[in-house]
Amino acid sequence: MRRTDRYRVEGANSLWHVYKTVPFWKVVKNFIVIQLARYTPFLSMKNWMYRKFLRMNVGKQTSFALMVMLDVMFPEKISVGRNTVIGYNTTILAHEYLIKEYRLGKVEIGDEVMIGANSTILPGVKIGDHAIVSAGTVVHKDVPAGSFVGGNPMQLIYTKEEMDERRKQDTYFSHKEV
């Protein structure tokens, strides 16, 4: 189960009430920052922009690839650990506007996580340290640390223990780094 806070709305759908839930000028500022960062080839500048203007918690040496789309309304609810890779054109959401309600939830991405291209991460999920998310995955629930997940719907492909065993058998990983 995703960890989201639910807010009921009356009358029109919840997106119709958007500026009752988030200030208009905040959305404008966030949109401009996110769009500039999406095309910025300088990873350290991108991280600085996210920290400074969006109040996101972004770890050192984390890489947001080209065209990553962050939640425009609540980016401060997204945290990403150190030395993590967020793949090309990934979308990370901290909100969802439905007909009779809207939901907000933190997204916590751990250290040394690999998120494949074109993935979508929904609000209220936690992706554990050293996890791998295959390209094109819709992350709709927590991802255990060290595991490998993929697909739509997302499924566990390898547990941490199975991934550790695969690495032991892979000659590429058996060489010590210099």
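Higher on the page you've got the structure.
Every value quoted in this text rests on a predicted model; they were computed, and no experiment measured them. (Residues numbered from 1 in each chain as written. Predicted model: local features only at pLDDT ≥ 70, side-chain atom pairs only at ≥ 80, totals over all residues. Heavy atoms only, no water.)

Draft legend 1. Quick peek at the nonpolar core. Phe64, Leu70, Ile109, Ile121 and Ile127 are the most contacted members of the largest nonpolar core, which has 40 residues in total. Of all the elements in the fold, those that place two or more residues in this core are helix 2 (24–39), helix 3 (43–54), strand 4 (69–70), strand 5 (78–80), strand 9 (101–104) and strand 10 (107–109). Of all the elements, helix 2 adds the most residues to this core, at four residues. (Core = buried A, V, L, I, M, F, W, Y, C linked by side-chain atoms within 4.5 Å. Buried < 20%, exposed > 50% of the residue type's maximum accessible area, 1.4 Å probe, protein only. Helix = DSSP H or I, 4+ residues; strand = E, 2+ residues; numbered from the N terminus.)

Draft legend 2. Representation of the packing of aromatic side chains in the model. Evaluation of the coordinates by the stated rule reveals seven aromatic pairs. Centre to centre, the rings of tyrosine 19 and phenylalanine 24 are 5.3 Å apart; their planes meet at 75°, and the pair counts as edge-to-face. The class for tyrosine 19 is partly exposed, based on a relative accessible area of 47%. When its relative accessible area of 39% is taken as the criterion, phenylalanine 24 is described as partly exposed. (Phe/Tyr/Trp six-rings, centres within 6.5 Å; stacked < 30°, edge-to-face > 60°.)

Draft legend 3. Fine view of the packing of helix 2 against helix 3. Their axes nearest at 10 Å, the elements helix 2 and helix 3 cross at an angle of 175°. Looking at the two axes, helix 2 sits roughly antiparallel to helix 3. Contacts between helix 2 and helix 3 involve Lys29, Asn30, Val33, Ile34, Leu36, Ala37 and Arg38 from the former and Lys46, Met49, Tyr50, Phe53 and Leu54 from the latter. Across the contact of helix 2 with helix 3, the residue classes tally to eight nonpolar, one polar and three charged. (Axes fitted to C-alpha atoms, helices over the stretch in contact; angles between N-to-C directions. Parallel < 35°, antiparallel > 145°, perpendicular 65-115°, else oblique. Contact = heavy atoms within 4.5 Å. Nonpolar A, V, L, I, M, F, W, Y, C, P; charged D, E, K, R; others polar.)

Draft legend 4. Representation of the pattern of salt bridges in the model. Counting across every chain of the model gives nine salt bridges. Among the ionic pairs, arginine 2 bridges to glutamate 96, the shortest N-O distance being 3.3 Å. With a gap of 94 residues between them, arginine 2 in the segment before strand 1 (5–8) and glutamate 96 in strand 8 (residues 95–97) connect regions that are remote in the sequence. By relative accessible area, which is 14% here, glutamate 96 ends up buried. Ionic pairing is found between arginine 6 and glutamate 101, a salt bridge with its closest N-O pair at 2.7 Å. Residue arginine 6 is found in strand 1, and its partner glutamate 101 is found in strand 9; the two are separated by 95 residues along the sequence. A residue is classified by how much of its surface remains accessible, and glutamate 101, at 13% relative accessible area, is buried. (Salt bridge = Lys/Arg side-chain N within 4 Å of Asp/Glu carboxyl O.)

Draft legend 5. Main features of unusual backbone geometry. A cis amide bond links asparagine 152 with the next residue in sequence, proline 153, at an omega value of 10°. Within the secondary structure, proline 153 is located in the loop between strand 16 (148–150) and strand 17 (155–158). For histidine 130, which is not glycine, the phi dihedral falls at a positive 65°. Mapped onto the fold, histidine 130 is located in the loop between strand 13 (126–127) and strand 14 (132–133).

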